[in-house]
Amino acid sequence: MGQTSKVRIAVVGLGFGSSFAKIYKDHPDVEYVGLCEINETKLHEIGDALGIERRHTSLDEVIASDAYDAVHLLTPIPLHAQQSLAILNSGKHCACAVPMGTTLEELQAIVDASRTNQRNYMMMETAVYTYYFLMVKEMVERGEFGRIQFLRGAHYQDMENWPAYWSGLPPMHYATHAVSPLLAISKSRATKVHCFGSGYMRDELKQKHGNPYPIESAIFQLDDGLLSAEVTRTLFHTARGGLESFNVYGEETSFEWHLHNESPILFKKKEQPPGAWGLQFEPHPVSEKPDFRHLLPEQIAHHVNGGHHGSHPYLVHEFISSIVEKRNPWIDAVTSANWTAAGICAHQSAMNGGAEMIIPSFR
(Lines give C-alpha, C1' and ligand atoms only; values in the text may rest on other atoms or scores of the structure.)
Protein backbone atom coordinates (compact mmCIF):
# COMPACT_ATOMS: atom_id res chain seq x y z
CA MET A 1 0.00 0.00 0.00
CA GLY A 2 1.52 3.28 -1.07
CA GLN A 3 0.98 6.38 1.04
CA THR A 4 0.01 9.40 -1.07
CA SER A 5 0.53 13.03 -0.07
CA LYS A 6 -3.13 13.09 0.88
CA VAL A 7 -4.98 10.53 2.99
CA ARG A 8 -7.42 8.03 1.51
CA ILE A 9 -9.87 7.00 4.24
CA ALA A 10 -12.83 4.68 4.65
CA VAL A 11 -15.58 5.43 7.16
CA VAL A 12 -17.13 2.25 8.57
CA GLY A 13 -20.60 2.34 10.14
CA LEU A 14 -22.93 5.04 8.87
CA GLY A 15 -25.39 5.35 11.73
CA PHE A 16 -23.02 7.76 13.42
CA GLY A 17 -20.38 7.83 10.73
CA SER A 18 -22.14 9.90 8.08
CA SER A 19 -21.44 13.11 10.03
CA PHE A 20 -17.71 12.29 10.00
CA ALA A 21 -17.73 11.32 6.33
CA LYS A 22 -18.89 14.85 5.45
CA ILE A 23 -15.94 16.34 7.31
CA TYR A 24 -13.37 13.98 5.80
CA LYS A 25 -14.73 14.81 2.34
CA ASP A 26 -14.12 18.53 2.98
CA HIS A 27 -10.70 18.17 4.62
CA PRO A 28 -7.91 19.59 2.41
CA ASP A 29 -5.54 16.72 3.24
CA VAL A 30 -7.99 13.96 2.28
CA GLU A 31 -7.76 12.64 -1.28
CA TYR A 32 -11.03 10.73 -1.14
CA VAL A 33 -13.47 9.00 1.22
CA GLY A 34 -15.01 5.55 1.01
CA LEU A 35 -18.09 4.37 2.86
CA CYS A 36 -18.72 0.97 4.46
CA GLU A 37 -22.10 -0.12 5.83
CA ILE A 38 -23.67 -3.59 6.04
CA ASN A 39 -27.14 -2.12 5.38
CA GLU A 40 -26.96 -1.69 1.63
CA THR A 41 -29.98 0.60 1.43
CA LYS A 42 -28.50 2.96 4.00
CA LEU A 43 -25.11 2.76 2.26
CA HIS A 44 -26.50 3.97 -1.04
CA GLU A 45 -28.80 6.57 0.48
CA ILE A 46 -25.91 8.20 2.34
CA GLY A 47 -23.46 7.71 -0.51
CA ASP A 48 -25.86 9.44 -2.90
CA ALA A 49 -26.57 12.25 -0.42
CA LEU A 50 -22.86 12.93 0.14
CA GLY A 51 -21.76 12.33 -3.44
CA ILE A 52 -19.33 9.57 -2.41
CA GLU A 53 -18.86 6.85 -5.00
CA ARG A 54 -16.61 4.33 -3.21
CA ARG A 55 -18.94 2.04 -1.29
CA HIS A 56 -18.51 -1.27 0.53
CA THR A 57 -20.77 -3.61 2.48
CA SER A 58 -17.89 -5.52 4.15
CA LEU A 59 -15.07 -4.31 6.37
CA ASP A 60 -13.01 -7.26 5.14
CA GLU A 61 -13.19 -5.75 1.66
CA VAL A 62 -11.93 -2.41 2.97
CA ILE A 63 -9.10 -4.05 4.91
CA ALA A 64 -8.00 -6.10 1.89
CA SER A 65 -8.04 -3.08 -0.43
CA ASP A 66 -4.95 -1.07 -1.35
CA ALA A 67 -7.22 1.91 -2.01
CA TYR A 68 -7.13 3.16 1.60
CA ASP A 69 -4.47 4.43 3.98
CA ALA A 70 -6.76 4.74 7.00
CA VAL A 71 -10.06 3.52 8.42
CA HIS A 72 -12.42 5.21 10.89
CA LEU A 73 -14.52 2.68 12.82
CA LEU A 74 -17.98 3.65 14.08
CA THR A 75 -19.19 0.12 14.74
CA PRO A 76 -20.75 -1.60 17.81
CA ILE A 77 -18.60 -1.70 20.97
CA PRO A 78 -18.02 -5.49 21.00
CA LEU A 79 -16.35 -5.20 17.57
CA HIS A 80 -13.97 -2.32 18.30
CA ALA A 81 -10.91 -4.18 19.52
CA GLN A 82 -10.79 -6.99 16.94
CA GLN A 83 -11.61 -4.66 14.06
CA SER A 84 -8.96 -2.17 15.20
CA LEU A 85 -6.38 -4.95 15.34
CA ALA A 86 -7.31 -6.16 11.87
CA ILE A 87 -6.93 -2.65 10.45
CA LEU A 88 -3.58 -1.97 12.12
CA ASN A 89 -2.21 -5.38 11.14
CA SER A 90 -3.18 -4.72 7.52
CA GLY A 91 -0.86 -1.71 7.53
CA LYS A 92 -3.58 0.93 7.76
CA HIS A 93 -4.03 3.72 10.29
CA CYS A 94 -7.05 3.32 12.57
CA ALA A 95 -9.41 5.78 14.21
CA CYS A 96 -12.09 4.26 16.42
CA ALA A 97 -15.13 5.44 18.34
CA VAL A 98 -15.01 4.96 22.12
CA PRO A 99 -14.29 2.76 23.93
CA MET A 100 -11.01 1.31 22.68
CA GLY A 101 -11.98 -2.10 24.09
CA THR A 102 -13.55 -3.72 27.13
CA THR A 103 -10.64 -5.78 28.51
CA LEU A 104 -7.11 -4.85 29.52
CA GLU A 105 -5.78 -7.55 27.18
CA GLU A 106 -7.52 -5.90 24.21
CA LEU A 107 -6.00 -2.54 25.07
CA GLN A 108 -2.48 -3.96 25.28
CA ALA A 109 -2.93 -5.81 21.98
CA ILE A 110 -3.89 -2.57 20.19
CA VAL A 111 -0.95 -0.69 21.73
CA ASP A 112 1.38 -3.46 20.55
CA ALA A 113 -0.13 -3.58 17.06
CA SER A 114 0.13 0.19 16.60
CA ARG A 115 3.79 0.11 17.61
CA THR A 116 4.73 -3.04 15.66
CA ASN A 117 3.06 -1.90 12.44
CA GLN A 118 4.11 1.74 12.89
CA ARG A 119 0.57 2.87 12.19
CA ASN A 120 -1.43 5.46 14.07
CA TYR A 121 -4.28 4.48 16.35
CA MET A 122 -6.57 7.23 17.69
CA MET A 123 -9.60 6.78 19.94
CA MET A 124 -12.04 9.46 18.78
CA GLU A 125 -12.97 10.85 22.20
CA THR A 126 -15.43 13.68 21.61
CA ALA A 127 -15.31 14.98 25.21
CA VAL A 128 -11.80 16.39 24.85
CA TYR A 129 -12.69 18.58 21.88
CA THR A 130 -15.94 20.24 23.00
CA TYR A 131 -16.16 24.05 23.01
CA TYR A 132 -15.87 24.15 26.79
CA PHE A 133 -13.09 21.63 27.14
CA LEU A 134 -10.95 23.65 24.72
CA MET A 135 -11.73 26.80 26.70
CA VAL A 136 -10.80 25.26 30.06
CA LYS A 137 -7.66 23.63 28.61
CA GLU A 138 -6.47 27.01 27.36
CA MET A 139 -7.22 28.69 30.70
CA VAL A 140 -5.39 25.99 32.66
CA GLU A 141 -2.36 26.28 30.38
CA ARG A 142 -2.32 30.06 30.96
CA GLY A 143 -2.25 29.43 34.71
CA GLU A 144 -5.67 30.96 35.41
CA PHE A 145 -6.81 28.04 37.58
CA GLY A 146 -3.70 27.99 39.74
CA ARG A 147 -3.01 24.51 41.03
CA ILE A 148 -5.80 22.06 40.23
CA GLN A 149 -7.15 20.59 43.46
CA PHE A 150 -9.89 18.15 42.38
CA LEU A 151 -11.83 17.00 39.32
CA ARG A 152 -15.28 15.50 38.83
CA GLY A 153 -16.99 13.99 35.79
CA ALA A 154 -20.35 12.41 35.02
CA HIS A 155 -22.09 10.74 32.12
CA TYR A 156 -25.79 10.00 32.53
CA GLN A 157 -27.59 8.14 29.77
CA ASP A 158 -30.30 5.48 29.76
CA MET A 159 -29.68 2.89 27.04
CA GLU A 160 -33.11 1.24 27.24
CA ASN A 161 -34.31 0.08 23.78
CA TRP A 162 -30.90 0.69 22.18
CA PRO A 163 -29.30 -2.09 20.08
CA ALA A 164 -28.94 -5.42 21.88
CA TYR A 165 -25.19 -5.14 22.50
CA TRP A 166 -25.87 -2.35 25.01
CA SER A 167 -28.02 -4.66 27.15
CA GLY A 168 -26.60 -4.75 30.68
CA LEU A 169 -23.26 -3.20 29.70
CA PRO A 170 -21.20 -2.31 32.80
CA PRO A 171 -21.45 1.50 33.09
CA MET A 172 -17.72 1.99 33.55
CA HIS A 173 -16.95 0.09 30.35
CA TYR A 174 -18.27 3.17 28.56
CA ALA A 175 -16.89 5.84 30.87
CA THR A 176 -14.35 7.63 28.70
CA HIS A 177 -16.61 10.64 28.06
CA ALA A 178 -16.47 11.35 31.80
CA VAL A 179 -12.94 10.11 32.56
CA SER A 180 -10.97 11.53 29.64
CA PRO A 181 -11.55 15.27 30.19
CA LEU A 182 -10.31 14.97 33.77
CA LEU A 183 -7.13 13.10 32.85
CA ALA A 184 -6.49 15.34 29.84
CA ILE A 185 -6.93 18.62 31.76
CA SER A 186 -4.69 17.46 34.60
CA LYS A 187 -2.22 15.77 32.19
CA SER A 188 -2.42 12.76 34.47
CA ARG A 189 -2.95 9.02 34.45
CA ALA A 190 -5.29 7.24 36.85
CA THR A 191 -3.23 4.77 38.90
CA LYS A 192 -5.76 3.18 41.27
CA VAL A 193 -9.49 3.18 41.84
CA HIS A 194 -12.21 2.36 44.32
CA CYS A 195 -15.66 2.01 42.74
CA PHE A 196 -19.11 1.07 44.00
CA GLY A 197 -22.15 -0.07 42.08
CA SER A 198 -25.58 1.28 42.87
CA GLY A 199 -29.21 0.63 42.07
CA TYR A 200 -31.35 -2.30 41.05
CA MET A 201 -31.10 -3.96 37.63
CA ARG A 202 -33.84 -6.21 36.27
CA ASP A 203 -32.80 -9.81 35.76
CA GLU A 204 -32.68 -9.96 31.96
CA LEU A 205 -30.21 -7.08 31.85
CA LYS A 206 -27.83 -8.93 34.18
CA GLN A 207 -27.48 -11.98 31.94
CA LYS A 208 -25.17 -10.87 29.13
CA HIS A 209 -22.32 -9.31 31.12
CA GLY A 210 -23.03 -10.55 34.65
CA ASN A 211 -23.29 -6.92 35.70
CA PRO A 212 -25.82 -6.16 38.46
CA TYR A 213 -25.37 -2.37 38.49
CA PRO A 214 -27.17 0.30 36.45
CA ILE A 215 -24.93 2.96 38.04
CA GLU A 216 -21.27 2.97 39.09
CA SER A 217 -19.38 5.69 40.97
CA ALA A 218 -15.59 5.77 41.27
CA ILE A 219 -12.83 7.73 42.94
CA PHE A 220 -9.52 7.64 41.10
CA GLN A 221 -6.06 8.41 42.45
CA LEU A 222 -3.98 10.20 39.82
CA ASP A 223 -0.31 9.58 39.20
CA ASP A 224 1.11 12.61 41.04
CA GLY A 225 -0.25 11.12 44.27
CA LEU A 226 -1.88 14.45 45.23
CA LEU A 227 -4.89 14.66 42.92
CA SER A 228 -8.07 12.60 42.90
CA ALA A 229 -10.98 12.54 40.48
CA GLU A 230 -14.56 11.37 40.96
CA VAL A 231 -16.66 9.86 38.16
CA THR A 232 -20.26 8.64 38.05
CA ARG A 233 -21.71 6.72 35.11
CA THR A 234 -25.32 5.58 34.60
CA LEU A 235 -26.66 3.29 31.88
CA PHE A 236 -30.06 1.98 32.96
CA HIS A 237 -33.04 2.52 35.26
CA THR A 238 -32.23 6.14 36.07
CA ALA A 239 -34.74 8.95 35.43
CA ARG A 240 -32.36 11.56 34.09
CA GLY A 241 -31.88 12.97 30.61
CA GLY A 242 -28.55 12.57 28.88
CA LEU A 243 -25.64 14.45 30.41
CA GLU A 244 -21.88 14.57 29.91
CA SER A 245 -20.17 16.94 32.30
CA PHE A 246 -16.79 17.77 33.77
CA ASN A 247 -15.85 20.03 36.67
CA VAL A 248 -12.39 21.36 37.48
CA TYR A 249 -11.61 22.91 40.87
CA GLY A 250 -8.50 25.07 41.18
CA GLU A 251 -7.04 27.39 43.78
CA GLU A 252 -7.79 30.54 41.78
CA THR A 253 -10.60 29.52 39.41
CA SER A 254 -13.06 26.62 39.18
CA PHE A 255 -15.29 25.45 36.35
CA GLU A 256 -18.60 23.58 36.54
CA TRP A 257 -20.65 22.27 33.64
CA HIS A 258 -23.62 20.25 34.84
CA LEU A 259 -26.34 20.64 32.26
CA HIS A 260 -25.87 20.80 28.52
CA ASN A 261 -28.82 23.13 28.10
CA GLU A 262 -27.45 25.58 30.65
CA SER A 263 -24.34 27.73 30.62
CA PRO A 264 -21.21 26.49 32.40
CA ILE A 265 -20.01 28.61 35.30
CA LEU A 266 -16.55 29.87 36.21
CA PHE A 267 -15.94 30.72 39.88
CA LYS A 268 -13.22 33.28 40.57
CA LYS A 269 -11.91 34.80 43.77
CA LYS A 270 -13.60 38.08 44.58
CA GLU A 271 -11.64 41.04 45.91
CA GLN A 272 -12.25 41.46 49.64
CA PRO A 273 -11.93 44.64 51.70
CA PRO A 274 -9.07 44.72 54.25
CA GLY A 275 -9.90 42.79 57.39
CA ALA A 276 -12.78 40.83 55.84
CA TRP A 277 -13.26 37.29 57.10
CA GLY A 278 -13.02 34.38 54.67
CA LEU A 279 -13.11 34.44 50.90
CA GLN A 280 -15.88 34.97 48.38
CA PHE A 281 -16.04 33.53 44.90
CA GLU A 282 -17.96 35.28 42.18
CA PRO A 283 -19.81 33.12 39.59
CA HIS A 284 -19.31 34.01 35.93
CA PRO A 285 -21.71 32.19 33.57
CA VAL A 286 -20.17 31.38 30.21
CA SER A 287 -23.01 32.79 28.12
CA GLU A 288 -21.44 32.36 24.67
CA LYS A 289 -19.87 29.29 23.16
CA PRO A 290 -16.10 29.73 22.89
CA ASP A 291 -14.90 29.81 19.30
CA PHE A 292 -11.81 27.78 18.40
CA ARG A 293 -12.36 27.52 14.65
CA HIS A 294 -8.97 29.13 14.11
CA LEU A 295 -7.48 25.74 15.01
CA LEU A 296 -9.08 24.18 11.93
CA PRO A 297 -8.56 24.47 8.17
CA GLU A 298 -11.14 26.88 6.80
CA GLN A 299 -12.63 24.12 4.60
CA ILE A 300 -13.95 22.24 7.66
CA ALA A 301 -14.43 25.05 10.20
CA HIS A 302 -18.18 25.26 9.53
CA HIS A 303 -18.60 21.72 10.84
CA VAL A 304 -18.17 22.96 14.44
CA ASN A 305 -21.94 23.44 14.44
CA GLY A 306 -22.36 19.67 14.31
CA GLY A 307 -22.60 16.93 16.93
CA HIS A 308 -21.06 16.43 20.35
CA HIS A 309 -20.63 20.12 21.08
CA GLY A 310 -18.55 20.91 18.04
CA SER A 311 -15.92 18.22 18.57
CA HIS A 312 -16.10 16.25 15.31
CA PRO A 313 -13.98 18.44 13.00
CA TYR A 314 -11.21 18.74 15.60
CA LEU A 315 -11.02 14.95 15.88
CA VAL A 316 -10.91 14.54 12.12
CA HIS A 317 -8.24 17.21 11.75
CA GLU A 318 -6.01 15.72 14.45
CA PHE A 319 -6.23 12.21 12.98
CA ILE A 320 -5.57 13.31 9.40
CA SER A 321 -2.81 15.75 10.43
CA SER A 322 -1.02 13.07 12.44
CA ILE A 323 -0.87 10.84 9.37
CA VAL A 324 0.27 13.58 6.98
CA GLU A 325 2.85 14.87 9.47
CA LYS A 326 4.07 11.34 10.29
CA ARG A 327 3.61 11.74 14.06
CA ASN A 328 1.49 10.16 16.76
CA PRO A 329 -1.95 11.68 17.25
CA TRP A 330 -2.58 13.37 20.59
CA ILE A 331 -4.96 10.58 21.64
CA ASP A 332 -2.59 7.83 20.53
CA ALA A 333 -2.82 4.14 21.40
CA VAL A 334 -1.08 4.55 24.77
CA THR A 335 -3.22 7.52 25.83
CA SER A 336 -6.38 5.77 24.60
CA ALA A 337 -5.49 2.67 26.62
CA ASN A 338 -4.75 4.64 29.77
CA TRP A 339 -8.07 6.50 29.53
CA THR A 340 -10.06 3.32 28.80
CA ALA A 341 -8.34 1.13 31.42
CA ALA A 342 -9.53 3.46 34.18
CA GLY A 343 -13.13 2.46 33.55
CA ILE A 344 -12.38 -1.24 33.08
CA CYS A 345 -10.59 -1.37 36.45
CA ALA A 346 -13.35 0.68 38.07
CA HIS A 347 -15.90 -1.97 37.12
CA GLN A 348 -13.60 -4.67 38.49
CA SER A 349 -13.53 -2.76 41.77
CA ALA A 350 -17.33 -2.48 41.85
CA MET A 351 -17.64 -6.22 41.30
CA ASN A 352 -15.33 -6.74 44.27
CA GLY A 353 -17.18 -4.57 46.77
CA GLY A 354 -15.17 -1.42 46.13
CA ALA A 355 -11.76 -3.06 46.61
CA GLU A 356 -8.72 -1.09 45.48
CA MET A 357 -7.70 -1.88 41.92
CA ILE A 358 -4.33 -0.90 40.49
CA ILE A 359 -4.69 0.48 36.96
CA PRO A 360 -1.90 -0.70 34.65
CA SER A 361 0.21 1.79 32.75
CA PHE A 362 0.45 1.38 28.99
CA ARG A 363 3.69 2.63 27.47
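In the block above lies the structure referred to throughout.
Residues numbered from 1 in each chain as written. Predicted model: local features only at pLDDT ≥ 70, side-chain atom pairs only at ≥ 80, totals over all residues. Heavy atoms only, no water.

**Remarks on the pairing of strand β1 (residues 7-12)**
Consecutive side chains of a regular strand alternate in pointing toward one face of the sheet and then the other. Counted only if it meets this: When accessible area is computed with a 1.4 Å probe and restricted to protein chains, residues below 20% of their type maximum are described as buried, those above 50% as exposed, and intermediate ones as partly exposed. Secondary structure elements follow DSSP: runs of H or I no shorter than four residues count as helices, runs of E no shorter than two count as strands, and numbering proceeds from the N terminus. The rule for pairing is simple: two strands pair if DSSP sees at least two bridges between them. A crossover counts as right-handed when, viewed with the strands pointing away from the observer, the path leading from the first strand over the helix to the second turns clockwise.
Among the 6 residues in β1, 6 count as buried, and that is most of the element. Sheet topology note: the β1/strand β2 (residues 30-36) ladder contains 6 bridges and is parallel. Residue pairing in the sheet places Val11 in a bridge with Leu35 of β2. Traced from β1 through helix α1 (residues 14-26) to β2, the parallel crossover comes out right-handed. Sheet analysis places β1 next to strand β4 (residues 70-73), joined by 4 bridges and oriented parallel. From the neighbouring strand, Ile9 faces β4, where its bridge partner is Ala70.

**Observations regarding the packing of aromatic side chains**
We count it as follows: Under the pairing criterion, centres of Phe, Tyr and Trp rings, with the six-membered ring standing for Trp, must be within 6.5 Å; the plane angle then separates stacked pairs below 30 degrees from edge-to-face pairs above 60, leaving the rest tilted.
Per the counting criterion, the structure on display carries 14 aromatic pairs. With a centroid separation of 4.8 Å and 70 degrees between ring planes, the pair formed by Tyr132 and Trp257 is classed as edge-to-face. Pair noted here: Tyr132 is in helix α6 (residues 131-141) and Trp257 is in the loop between β12 (253-256) and β13 (265-269), with a separation of 125 residues, a long-range link. Both residues of the pair, Tyr132 and Trp257, belong to the buried class. Seen from their ring centres, Trp166 and Tyr174 are 5.0 Å apart, and the 90 degrees between their planes marks the pair as edge-to-face. Overall, the relative accessible area of 13% leaves Tyr174 in the buried class. Feature note: the residues Tyr131, Tyr132, Phe133, Phe246, Phe255 and Trp257 constitute an aromatic cluster, connected by ring pairs.

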